[in-house]
Amino acid sequence: MSLMPKRVKYRKPHRGKRGGPATGGASLSFGEYGLKAMANGWVTARQIEAARVAIARQFKRGGKMWIRIFPDKAVTKKPAETRMGKGKGMVDHWVAVVKRGRIMFEIDGLPEESAKETMRLAAYKIPLASRFISRKAEW
């Protein structure tokens, strides 16, 4: 099951601008460790799910995870070999708009080395430059 909103105000939103730093969600709120985006971009629902699975595999039994981004923007696509015009394409997939500084994932209940390895595996699944952060390092 793919992440997507139950309902949206507008079916086909504009692409929008991706510049600037994150205004919210830029500090750890729940867990001890996190994965922070260092660049702006879109993260698809599939990429979020792949990172979630990678993190969950590392938690043998203990540990808790928080996903701080949600794909609430529809991306449209026209079929291959279609002539120009005839309106905007149909919704193809969903993305989360992530700005630099945004905390994407948080985890707790693991030792630091294990947490670092877990976030490294999750970072491979995300198409943005990211950094491992911890509460100790924030102070």
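Coordinates for the structure precede this section.
All of the points below concern the structure found in this document. (Residues numbered from 1 in each chain as written. Predicted model: local features only at pLDDT ≥ 70, side-chain atom pairs only at ≥ 80, totals over all residues. Heavy atoms only, no water.)

### Considerations on the overall build of the protein
In plain terms, the rule: A run of H or I in DSSP becomes a helix once it reaches four residues, and a run of E becomes a strand once it reaches two; helices and strands are each numbered from the N terminus. Accessible area is worked out with a 1.4 Å probe on protein chains only. A residue is then buried under 20% of its type maximum, exposed over 50%, and partly exposed in between. In what follows, residue pairs with any heavy atoms lying within 4.5 Å of each other are defined as contacts. Only the protein chains shown count as covering a residue, and every accessible area follows the Shrake-Rupley method with a 1.4 Å probe. Positive charges come from Lys and Arg, negative ones from Asp and Glu, while His and the chain ends are left out of the count. Working definition for charges: the position is that of NZ of Lys, CZ of Arg, CG of Asp or CD of Glu.
When helices and strands are tallied, the protein shows three helices and seven strands. For the protein, the succession of helices and strands along the chain, N to C, is β-β-α-β-β-β-β-α-β-α. For the protein, the C-alpha atoms occupy an extent of roughly 55 × 30 × 25 Å along the three principal directions. Burial analysis of the protein (139 residues in total) assigns 34% to the buried set. Residue pairs in contact within the protein that sit at least 24 positions apart in sequence constitute 79% of those at least 6 positions apart. When the accessible surface of the protein is summed, it comes to about 9200 Å², and 53% of that surface belongs to carbon and sulfur atoms. Counting 31 positive and 11 negative side-chain charges, the protein places the centres of these two groups 11 Å from one another.

### Observations regarding the packing of aromatic side chains
Pairs of aromatic rings are described using the distance from one ring centre to the other and the angle between the two planes. What counts, and what does not: Two aromatic rings from Phe, Tyr or Trp, using only the six-membered ring of Trp, form a pair when their centres are within 6.5 Å; if the ring planes differ by under 30 degrees the pair is stacked, by over 60 it is edge-to-face, and anything between is tilted. Distance and angle both matter: a charge sits over a ring if NZ of Lys or CZ of Arg is within 6 Å of the ring centre and within 35 degrees of the ring normal.
On inspection of all chains with the given rule, the structure shows two aromatic pairs. Ring geometry for Phe-30 versus Trp-66: centroids 5.8 Å apart, planes at 15°, classification stacked. Taken together, the positions of Phe-30 in the segment before strand E1 (33-37) and Trp-66 in strand E3 (residues 64-67) put the pair 36 residues apart, joining distant regions of the chain. Between the aromatic rings of Tyr-33 and Phe-132, the centroid separation amounts to 5.5 Å while the plane-to-plane angle is 20°, which identifies the pairing as stacked. Of this pair, Tyr-33 sits in strand E1 while Phe-132 sits in strand E7 (residues 130-134), and the two are 99 residues apart along the sequence. Across the ring face of Trp-42, the terminal group of Arg-18 is positioned such that the distance to the ring centre comes to 4.1 Å.

### Section: the packing of helix H1 (residues 45-58) against helix H2 (residues 112-124)
For any two helices packed against each other, the geometry is given by the interaxial angle and the distance between the axes. The criterion, for reference: Axis definition: a line fit to C-alpha positions, over the contact stretch in the case of helices; interaxial angles, taken between N-to-C directions, run 0 to 180 degrees. Oblique is the label for any angle not under 35 degrees, not over 145, and not in the 65 to 115 range, which are roughly parallel, roughly antiparallel and roughly perpendicular in turn. Left-handed describes a crossing whose near helix is turned anticlockwise from the far helix by less than a right angle; the clockwise case is right-handed. Under the scheme applied, nonpolar residues are Ala, Val, Leu, Ile, Met, Phe, Trp, Tyr, Cys and Pro; charged residues are Asp, Glu, Lys and Arg; polar residues are all the others, including Gly.
Interhelical geometry of H1 versus H2 gives an angle of 155° and a closest axis separation of 8 Å. Classified by the angle between their axes, H1 and H2 sit roughly antiparallel to one another. Remark: the crossing between H1 and H2 carries right-handed chirality. Contacts between H1 and H2 involve Ala-51, Ala-54, Ile-55 and Gln-58 on the former and, on the latter, Glu-117, Thr-118, Met-119, Leu-121 and Ala-122. Residues of the contact of H1 with H2, tallied by class, amount to six nonpolar, two polar and one charged.

### Remarks on the nonpolar core
Filter applied, for reference: Residues belong to one nonpolar core when they are buried, are Ala, Val, Leu, Ile, Met, Phe, Trp, Tyr or Cys, and are joined through side-chain atoms within 4.5 Å.
One finds Val-98, Met-104, Phe-105 and Ile-107 to be the most contacted residues of the largest nonpolar core, which totals 21 residues. At the level of secondary structure, the elements contributing two or more residues to this core comprise E1, H1, strand E5 (90-98), strand E6 (103-108) and H2. Other than its neighbours up to four places away in sequence, Met-104 contacts Leu-35, Lys-36, Ala-37, Trp-66, Ile-67, Arg-68, Ile-69, Val-98, Ile-126 and Ser-130.

### Thoughts on H1
Three- or four-residue spacings in an α-helix give side chains the same orientation, since the helix completes a turn every 3.6 residues. To keep it simple, the criterion reads: Expected helix span is given by 1.5 Å per residue-to-residue step, counting one fewer step than there are residues.
With 14 residues, H1 should cover 20 Å at 1.5 Å per step; its first-to-last C-alpha distance of 20 Å lies within 8% of that length. All of the buried residues in H1 are Ala-45, Ile-48, Ala-51, Ala-54 and Ile-55. Check the buried side of H1 and you find it contacts strand E2 (41-44), E3, E5, E6 and H2.

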